[in-house]
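Below are the chains, spelled out letter by letter.
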Amino acid sequence: MNVGVRPVAIEWMAEFYRYRELFFFLVWRDVKIRYKQTLLGASWAVLQPFAMMVVFSLLFGRVANIDSEGVPYQVFSYAAMVPWTFFQYAMPLSSNSLISNSKLISKVYFPRAIIPASAALSGAVDFFIAAFILIFIMMYYHVPVQASLLLWPLFLLPLLVFTTALGMFFSSLNVKYRDIKYTIPFLVQIMMFLSPVIYGTSKLPGKYQTILQFNPMVGILDAFRAAALPTREINWPLFGLACAVSVAMFMLSAVYFYKTEREFADII
Amino acid sequence: MTKAIRIEHITKRYVIGTMKHETMLREAILKVVTLKRRRREEQAILALNDLSFDVEQGEVVGIIGRNGAGKSTLLKVLSRITYPTSGRIKVRGRVASLIEVGTGFHDELSGRENIYLNGSILGMKKKEIDARIDQIIDFAGVEKFVDTPIKRYSSGMRLRLGFAVAAHMDPDVLFVDEVLAVGDADFQKKCLTAMDELRSGGRTVLFVSHNMAAIENLCPRTVWIDAGRLRMDGPTDKVIAAYLATFSESQRTGYDLEHAPNRGGNGMIRYTRLDFLDAEGQPTHVFRSGEPFRARFHYRVNERIRDPHFGMMIHSDLGTRVCTVSTWHAAYHIPNVEPGEGELELVIDDLFLQPNRYFLSLFVDSTGQRFDYLENCIAIDVEESNAYDNQGRGLHPRWGLVYMPSRWSVSVPERKAAER
């Protein structure tokens, strides 16, 4: 083994694979400690999107009268709220992960990318719990449960890729500039308004629609929602674009991470 | 023999200054926006400076050097935590490095869960941990609490658990940093035994420590690093002797501390001079067991400080801390010190040290901060005297580091009258 020489890209990925067990241990740790010493435990996974749905349906379903594409607004918003809650939790967690694991980074060697990647994946457990509840909400509102719901785990993939891409980029930037920590919540909030969580994809302002569609969350959330609702088909080209943008962003941030990770232990 | 570790011209440069500035995004943006290349006084430190040496397979090598000499940086570079600025290193075989015990422990997880987490962080496979978990629990002595969250553990239990995991790694090459400096004597012994087993198992070990006794026990060969460079490499006894000799400058009664190297603390206050005095207040360089010890410290205050504690630590030549004396220990409270020059005098009525060489470290600190720190800056040789028993018998390095003036009353069985 050579120490001190930058590994080539292939080695870098091989190294990640060699440490896959640590990756899963860190995911397991994050999941395990998330609801430790909480009263309600894993029901928080459901309570968060559920509470948001209630508030939104009062506010936007009734007051603002947003078009919910032929299903009750509750179902309409919850279907997008589940993947959105995942993003809202996992993206900041991943972006702060290097900082919060600084002791590991300054004391042990392992491929650093494991940290933001495992943090992003650890939110997936909550996602599945919350997704399961969707079925009951649909039954309650007499919305026929679709077989296309089975596509949800597939749609989670680009969502994970996109979340990890942002997480890797921001976490490595965060090591150097602590300002990032304060920017993230703000960024998430903006993202929520730029993505079809409250409203449907068709309500994106027409003039900017093309540009806004490059936000991968548009295509991803739209696919999740369309798979759940019986009233609409999945917009595959839009989803395809989201996947492509996610993968491209992932590759860019992987390159950035690869270039900066040598310094982590020295400046963290 | 094959080389297990090959270190070739390693240099590690740390730039101080940039860390502070560039960690604010504002600074970085300002630099771009104003297009101004403000010249920062870049201060670079060469933590490692063109260092090269080889280690054969199965060798156990000690690494010694003063604080800041680059020992820990070397270990970090070897374990791939940080990268060298230039140079290369080749390590053959599976590497494990122990820079801290219990890295990654999480308070909320149970002992068992933490064994898995810590083990995998140290590079063990789950299968290996499965196979050794009972041994690990046994070694740590935490059977009863293995399913309790470790936030309920005592610090000793945590430490034992951490070391237990580390001791059950199965590396070809092991890097160890000073982890044995903590824990009670019993535990330290356990650790040393575990290290010894590693050695006899043919593992290559690099061991960084301040504890000369531990180095002498474990390592036949020692490398002495000074200011990032290799100062000496050879048989442990020779290297340690040469290393310790640099601390001593006997025959001197006074020491100028103004330009002392390797000084710590934030500099709000600095010791400038130290003079040793005899009982009559005359300069001296002779220290004898059981006689008074007097020292006068001169200091300069650069910034107004509150509540300083002035003090001195005495270490044995093997690095064992013998005692600490300070104004704080003596409950002598100094509320405020204004900038300027000052003096203080320390009197120890009876120096209860056995004849030997000792090292003095001077410090001024306060709660949470350290103003000045001079580690092992002065060596003194304590000579024997007849203070103890009027024969000079009880005063000898072999009896320990300190002597305790003691009184005995003895009753012995007497021969019975009938037997007379």
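On a predicted model such as this, the values are computed, not experimentally measured, just so you know. Every chain is numbered independently, its residues counted from 1 as its sequence is written. Chains carry letters and ligands carry numbers; both start at the beginning, A for chains and 1 for ligands, and go up in the order they are written. Reporting in this predicted model follows two pLDDT cut-offs: at least 70 for local features of residues, and 80 or more for side-chain atom pairs to be given and counted; totals over whole chains, interfaces and linings ignore these cut-offs and use all residues.

S.K.: Give me the overall build of chain A: which residues, what numbers.
M.R.: In this description a helix means any DSSP run of H or I spanning at least four residues, a strand means any run of E spanning at least two, and both kinds are numbered starting from the N terminus. When helices and strands are tallied, chain A shows 14 helices and 1 strand. As defined in this context, the radius of gyration uses C-alpha atoms, and a globule is described by 2.2 Å times the residue total to the power 0.38. Compactness check: chain A gives a C-alpha radius of gyration of 19 Å against a globular reference of 18 Å for 268 residues, within 12% of the reference. On the principal axes, the C-alpha backbone points of chain A span a range of 60 × 45 × 35 Å. Across the 268 residues in chain A, those meeting the buried criterion constitute 46%. A residue pair is marked as a contact if its C-beta atoms, positioned from the backbone, fall within 7 Å. Here the contacts in chain A between residues at least 6 apart in sequence split such that 78% fall between residues at least 24 apart. Buried, partly exposed and exposed are defined by the number of other C-beta atoms within 10 Å of a residue's own C-beta, namely 20 or more, between the two limits, and 12 or fewer respectively, with C-beta atoms placed from the backbone.

S.K.: Describe the overall build of chain B, and please don't skip the residues or the numbers.
M.R.: Helix and strand content of chain B: 9 helices and 21 strands. Here chain B, with 420 residues, has 36% of them falling under the buried criterion. Taking all contacts inside chain B whose residues are at least 6 apart in sequence as the whole, residues at least 24 apart take part in 72%.

S.K.: So what's going on with the sheet that holds strand 12 (residues 269–277) of chain B? Which residues, and what values?
M.R.: Residues and elements named next belong to chain B. Strand order in the open sheet made by the 4 strands is 10-12-14-19, with antiparallel pairing throughout. Each edge of the open sheet carries a strand with a single partner, namely strand 10 (254–256) and strand 19 (340–348). For this sheet, the mean angle separating the axes of adjacent strands, direction not counted, is 20°. The pairing criterion is simple: DSSP has to find at least two bridges between the two strands. Judged from the 3 bridges that link them, strand 10 and strand 12 form a sheet pairing that is antiparallel. Opposite Tyr 255, over in strand 12, you have Leu 274 as the bridge partner. Axis definition: a line fitted to C-alpha atoms, limited for helices to the stretch in contact. Angles are taken between N-to-C directions and run from 0 to 180 degrees.

S.K.: Got a sec to walk through the interface of chain A and chain B? Specific residues and values, please.
M.R.: On the chain B side, the residues contacting the 27 residues of chain A number 35 residues. Every element with two or more residues in the side of chain A that touches chain B is listed here: strand 1 (2–3), helix 2 (20–34), helix 6 (102–107) and helix 14 (264–267) of chain A. Here the side of chain A that touches chain B is composed, by residue class, of 12 nonpolar, 4 polar and 11 charged. When residue character is reported, Ala, Val, Leu, Ile, Met, Phe, Trp, Tyr, Cys and Pro are called nonpolar, Asp, Glu, Lys and Arg charged, and the others, Gly included, polar.

S.K.: How would you explain unusual backbone geometry if you had to name every residue and give the values?
M.R.: Residue and element names in this part refer to chain B. Non-glycine residue Ala 227 carries a positive phi angle of around 50°. By secondary structure assignment, the location of Ala 227 is in the loop between strand 8 (221–226) and strand 9 (229–235). Residues other than glycine seldom take positive phi values, yet Asp 307 does so here, at roughly 55°. Here Asp 307 is to be found in the loop between strand 15 (305–306) and strand 16 (309–316). Note on Asp 307: 13 C-beta atoms within 10 Å, which makes it partly exposed.

S.K.: Now, about the nonpolar core: what can you tell me, with residues and values included?
M.R.: In this structure, Ala 79, Val 82, Ile 114, Ile 220 and Phe 224 of chain A together with Ile 63 and Phe 207 of chain B are the most contacted members of the largest nonpolar core, which totals 147 residues. Once residues lying within four places of it in the same chain are set aside, the contact partners of Ala 79 of chain A are Leu 134, Phe 224, Arg 225, Ala 228 and Leu 229 of chain A. With 28 residues, the next largest nonpolar core counts Ala 295, Tyr 299, Leu 351 and Leu 362 of chain B among its residues. A set of buried residues drawn from Ala, Val, Leu, Ile, Met, Phe, Trp, Tyr and Cys, joined through C-beta atoms within 7 Å, is what defines a nonpolar core.

S.K.: Got a sec to walk through helix 8 (residues 124–140) of chain A? Specific residues and values, please.
M.R.: Residues and elements named next belong to chain A. Take the residue count of a helix, subtract one, and multiply by 1.5 Å to get its expected span. Taking 1.5 Å of rise per residue, 17 residues should cover 24 Å, and helix 8 covers 25 Å from first to last C-alpha, within 8% of that figure. Within the span of helix 8, buried status applies to Asp 126, Phe 127, Ala 130, Ala 131, Leu 134 and Met 138. Buried residues of helix 8, viewed axially, fall in a sector of 130°; they line one side. Structural note: helix 8 exposes Phe 132, Phe 136, Met 139 and Tyr 140 on the side pointing more than 90 degrees away from its buried face. Here the arc refers to the directions that run from the helix axis out to each C-beta atom.

S.K.: Lay out the environment of Glu 303 of chain B with the relevant residues and their values.
M.R.: By the secondary structure assignment, Glu 303 of chain B is in the loop between strand 14 (293–301) and strand 15. A C-alpha to C-alpha distance of 8.5 Å links Glu 303 of chain B and Gly 340 of chain B, two positions 37 residues apart in sequence.

S.K.: Which residues make up the packing of helix 3 (residues 44–63) of chain A against helix 8 of chain A, and what values go with them?
M.R.: Residue and element names in this part refer to chain A. Here helix 3 crosses helix 8 at 60°, and the two axes come no closer than 8 Å. The angle between helix 3 and helix 8 places the two elements in the oblique class. Between helix 3 and helix 8 lies a crossing whose hand is right-handed. Here Ala 45, Val 46 and Pro 49 of helix 3 lie close against helix 8, whose contacting residues are Asp 126, Ile 129, Ala 130 and Ile 133. Per-class residue counts for the contact of helix 3 with helix 8 are 6 nonpolar, no polar and 1 charged. The scheme is simple: roughly parallel for angles under 35 degrees, roughly antiparallel for over 145, roughly perpendicular for 65 to 115, oblique for anything else. Each crossing gets its hand from how the near helix is turned against the far one by less than a right angle, where anticlockwise is left-handed and clockwise is right-handed.

S.K.: If you had to explain the environment of Gly 119 of chain B to someone new, which residues and values would you point to?
M.R.: Residue and element names in this part refer to chain B. Among the secondary structure elements, Gly 119 is positioned in helix 4 (residues 111–121). With 230 residues separating them in the primary sequence, Gly 119 and Asp 349 have C-alpha atoms 52 Å apart. The contacts of Gly 119, once residues within four sequence positions are left out, are Met 124, Ile 129 and Val 165.

S.K.: Account for the pairing of strand 6 (residues 173–177) of chain B, naming residues and giving values.
M.R.: Residue and element names in this part refer to chain B. Counting buried residues along strand 6, 5 of its 5 residues qualify, which places the element largely inside the surrounding structure. Burial along strand 6 is two-sided: the face carrying Val 173, Phe 175 and Asp 177 and the face carrying Leu 174 and Val 176 are both buried. By the bridge criterion, 4 bridges tie strand 5 (residues 95–98) to strand 6 in an arrangement that is parallel. Across the sheet, residue Ser 97 finds its bridge partner in strand 6, namely Phe 175.

S.K.: I'd love a proper account of the confidence of the model for chain B, names of residues and values included.
M.R.: Known as pLDDT, the predictor's per-residue confidence is scaled from 0 to 100. This prediction gives chain B a mean pLDDT of 84; 86% of its residues lie at or above 70. We note a pTM of 0.73 for the whole complex and an ipTM of 0.88 for its interfaces.

S.K.: Summarise the sheet that holds strand 6 of chain B; cite the residues concerned and give the values.
M.R.: Residues and elements named next belong to chain B. Read across the sheet, 6 strands follow the order 5-6-7-3-8-9 without closing on themselves; strand pairing throughout is mixed. Each edge of the open sheet carries a strand with a single partner, namely strand 5 and strand 9. Between one strand axis and the next, the sheet turns through 15° on average, direction left out of account. Direction of pairing for strand 8 relative to strand 9: antiparallel, over a ladder of 6 bridges. In the strand pairing of strand 9, Asp 226 is matched with Arg 229. The sheet strands contacting helix 3 (residues 71–78) are strand 3 (60–64), strand 5, strand 6, strand 7 (204–208) and strand 8, and the helix crosses strand 6 at an angle near 145°.

S.K.: Break down the packing of helix 2 of chain A against helix 7 (residues 114–121) of chain A for me, with residues and values.
M.R.: Residue and element names in this part refer to chain A. Remark: helix 2 packs on helix 7, axes separated minimally by 8 Å, with the N-to-C direction vectors making an angle of 45°. The angle between helix 2 and helix 7 places the two elements in the oblique class. Seen from above, helix 2 lies across helix 7 with right-handed handedness. In this structure, helix 2 uses Leu 22, Phe 23, Leu 26, Val 27 and Asp 30 to contact helix 7, whose residues at the interface are Ile 114, Ala 117, Ser 118, Ala 119 and Leu 121. Class assignment for the residues of the contact of helix 2 with helix 7 results in 8 nonpolar, 1 polar and 1 charged.

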